[in-house]
Amino acid sequence: MKAALNPLTRACREAALLLAGAGILASSPAFAQGSGGLEEVVVTAQHREQNLQDIPISVTAIGAQDLNEAQIFGASEIAFRVPGMSYAEFAPGQSLISMRGINSADDGAGMDNSVVMFLDGVYIGRLANINFEMFDLERIEVLRGPQGTLFGRNAIGGAINVTTAKPTDELTAKVDLSAGNEGMLRYQGLVSGPITDNLSGKLTYSHREHDGYVDNVVLNKDQQDEDTDSFRGQLLWTTDNSSWLLSADYMEDDREDMGRVPIANGAADPEPVATWERLAGDFGKVAAPADGDSYREASGVSLQGDIEFDSGTFTTITAMRDAETDWAMASIGAPFGGGSIEVIDDIVEDIETFTQEFRWTSSLDGSFNYVAGLFYLVEETDRQEQFVVAAPAGPGGSYINVGNEFAIQENETTSYAAYIQGDWDFAEDWTLTVGARYTYDEKETKSESVNCANPGAEVYPECDGQGSSLGIINQNFIGDAEDDWNDFSPKASLQWRQNDDVMWFATIAKGFKSGGFGGAPGIPEQAEVALDEETAWNYEIGMKGDFFDNSLRLNVTGFYTDYEDLQVVRFGPTADAPDFGQFVTKNIGEAEIIGLEAELFWYPTENFYLSATYAYLDTEVDDLIFDAAGGPIDVSGSDLRQAPENSGSLTAGYSWPLNNGSEINLRGDVIYSDEQINDFVDQRTVIEEYTLLNLRAAWRSSDENWEFAVWGKNLTEEEYIQHSYVIGPGVIGTWGAPRTYGATVTWQM
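Residues numbered from 1 in each chain as written. Predicted model: local features only at pLDDT ≥ 70, side-chain atom pairs only at ≥ 80, totals over all residues. Heavy atoms only, no water.

## Observations concerning the overall build of the protein
A tally of regular secondary structure across the protein gives five helices and 42 strands. Taking 2.2 N^0.38 as the reference for a compact globule, 749 residues should give roughly 27 Å; the C-alpha atoms of the protein span a radius of gyration of 26 Å, in line with that estimate. Dimensions along the principal axes, computed over C-alpha positions, put the protein at roughly 75 × 60 × 55 Å. Counting the 749 residues in the protein, one finds 58% classified as buried. Across the protein, the fraction of contacts at a sequence separation of at least 24, relative to all contacts at a separation of at least 6, is 69%. Carbon and sulfur atoms provide 53% of the accessible area of the protein, an area that totals close to 28400 Å². (Helix = DSSP H or I, 4+ residues; strand = E, 2+ residues; numbered from the N terminus. Rg over C-alpha atoms; globule rule 2.2 N^0.38 Å. Buried < 20%, exposed > 50% of the residue type's maximum accessible area, 1.4 Å probe, protein only. Contact = heavy atoms within 4.5 Å. Areas by Shrake-Rupley, 256 points an atom, 1.4 Å probe, with all protein chains shown as cover.)

The following block contains the structure:
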């Protein structure tokens, strides 16, 4: 980072480069650029239906039509279209979502996520519990930066707010069928309509599958496939002054191994890359001698009631969610030491969550309105992770365990919170927003860690006949611990409406994430001594504007974030485990983030549009020392992980009306991500920059009941690694998706 300027000064100066240009546009005379025009984007990020351009929040909204046309089915596709967001997947149910360089890589039972999801207002924190079924959604809102004064559960990095389409009072139906290369098959259906005068319902089903994108040449089978079924049902009951929504969803996800590949050699094995090159040696090919799989279930039920009064609306949301994950996957992607041994990472996890939120949203006639709420959470997580030394036992990837070590964690998190945020229109063009949140979190955890090579371990069934290990777990122990954290998080924002089309804002907000207990502890201290809480002060200045007769929209935000005690996890060789490695979770002294985000929408004509997103990130950690195999390493000055300096997307669309009233729609997307690191100590984990090209062409009937589309993703066949990590044998990666293409037929009424 440049030392000549104060970081906040730098953020303001760099943001001003785009903001100044926006000011020139705002003061220029408006002129028509064709009859095309921008539609108002309605969001509920502040629990009111508001124009996205009127709220002082850095938020990206993706509507139902864009979700369909861009073929968005999960967090990875969302990240491609949200400035400052990135996504990687270690395994199904163990994804890494980063917002402005902030993420949570420790998935231990006693840890929380920095970026969280809300499904129709219901908090979903544990990643295994996220069901990204997109078929019946109304929109997705991605809020960047600390979120706490408007949501039941605080989110220090950002929040993904998913809103489903509610049951309709007229009969509607929709069916979607897709097929493509790589064995891709997708069929989805929805029916919604009235049951009685006051009761309506909706049922949704979705099935997605494709063959493996990765070819395991040793086992002669495809891996990194998909086989997912999702259901959602809703009942909506309305009265003169209230509405009650009962929702239930279920997802089942069954997959083969992810198919990992070594990309750099390590001290424990100088040959994995050469072994892979000899056996496989090409994009999308792996050489693991042992097979793995993944099975995941996620379900939830919620009841939301909205009761209207003269002065506001009272909302209650009661929810229960459950998730079960059982997966075992090869960790190296090639025989260990050039022989026939693999290391299997085996995880079984069960999560049960109960939440209750009460919220009051005022509707006063004067210049002041507010939102206030109370939140309660109990989450129980049981997790067992085994590190199995596997030797082949026959054809097809079957294996026997010749070594093992495991960690069992049981954690219960209890959280209480109160929040309030008020908006005061103190002058004709000015609004002051002030909010605050108080959070109290308590965690009780029990840990049991066992190395099967240690004396006395033979009494454990997991160690039967397995007398060796990798040394990830140093000691056999049982430990109990508990701790609590509390925090007061304020927020203030000032808005100025330059005219009817341009709004400026400046925001200061504090974010908070409670401490916790790291996953797979190798020594008692790691299990019994809690990490400190994580705090962040975020400073933003931004502009949202519509120009040239409502044909061009430009939203720009510059920000500076000062993090204290950022929680980070690393797996890699240490002095205690020099061969294969162990987990180390600790607090960074601090991290500084300077960034710039921009979103552009332009309709130069009625039938043609362009949209673009861009994010710039300058990140730096300080006072971060890791215990590595050769001794302590000071990585201060490093970038944050999953924080590409530059990233963005460009979309072009054209609508071609036909004489019979039908329409042809063409769309192209270019997605770019700069290089990024995935490990502080071993920065050979760098993921190189990549560019993806997606195209789609569709015909829509004149009554809009039928649509036929052909599409392709990664059409330039970009070969890239989407995630990487460090273990003793070296740096291991997972392949990004190859070129895919297909056709979709949709019918709706």
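## Examining the sheet that holds strand S18 (residues 285-286)
Neighbouring strands of a sheet are bound in pairs by backbone hydrogen bonds; such pairs are parallel or else antiparallel. Strand order in the open sheet formed by three strands is S14-S13-S18, with mixed pairing between adjacent strands. With one partner strand each, in any of the chains shown, strand S14 (221-223) and S18 form the two edges of the open sheet. Bridge count between strand S13 (residues 214-216) and S14: three bridges; the pairing is antiparallel. Bridged to Asn216 within S14 is Lys221. (Pairing = 2+ DSSP bridges.)

## Considering the packing of aromatic side chains
If you walk through the whole model with that rule in mind, you get 27 aromatic pairs. Relative to Trp327, the ring of Phe90 has its centre 5.9 Å away and its plane inclined at 65°; by these criteria the two rings are edge-to-face. Here Trp327 lies in strand S20 (residues 312-330) and Phe90 lies in strand S4 (residues 85-91), a separation of 237 residues in the sequence. Trp327 carries the same exposure label as Phe90, and that label is buried. Put simply, the rings of Phe336, Phe387, Phe571, Phe580 and Phe583 pair up and form one aromatic cluster. The ring of Phe559 carries the charged tip of Arg100 above its face, separated from the ring centre by 3.8 Å. Of note, Arg260 hangs over the ring of Phe90, and the distance from its end group to the ring centre comes to 4.3 Å. (Phe/Tyr/Trp six-rings, centres within 6.5 Å; stacked < 30°, edge-to-face > 60°. Lys NZ or Arg CZ within 6 Å of the ring centre and 35° of its normal.)

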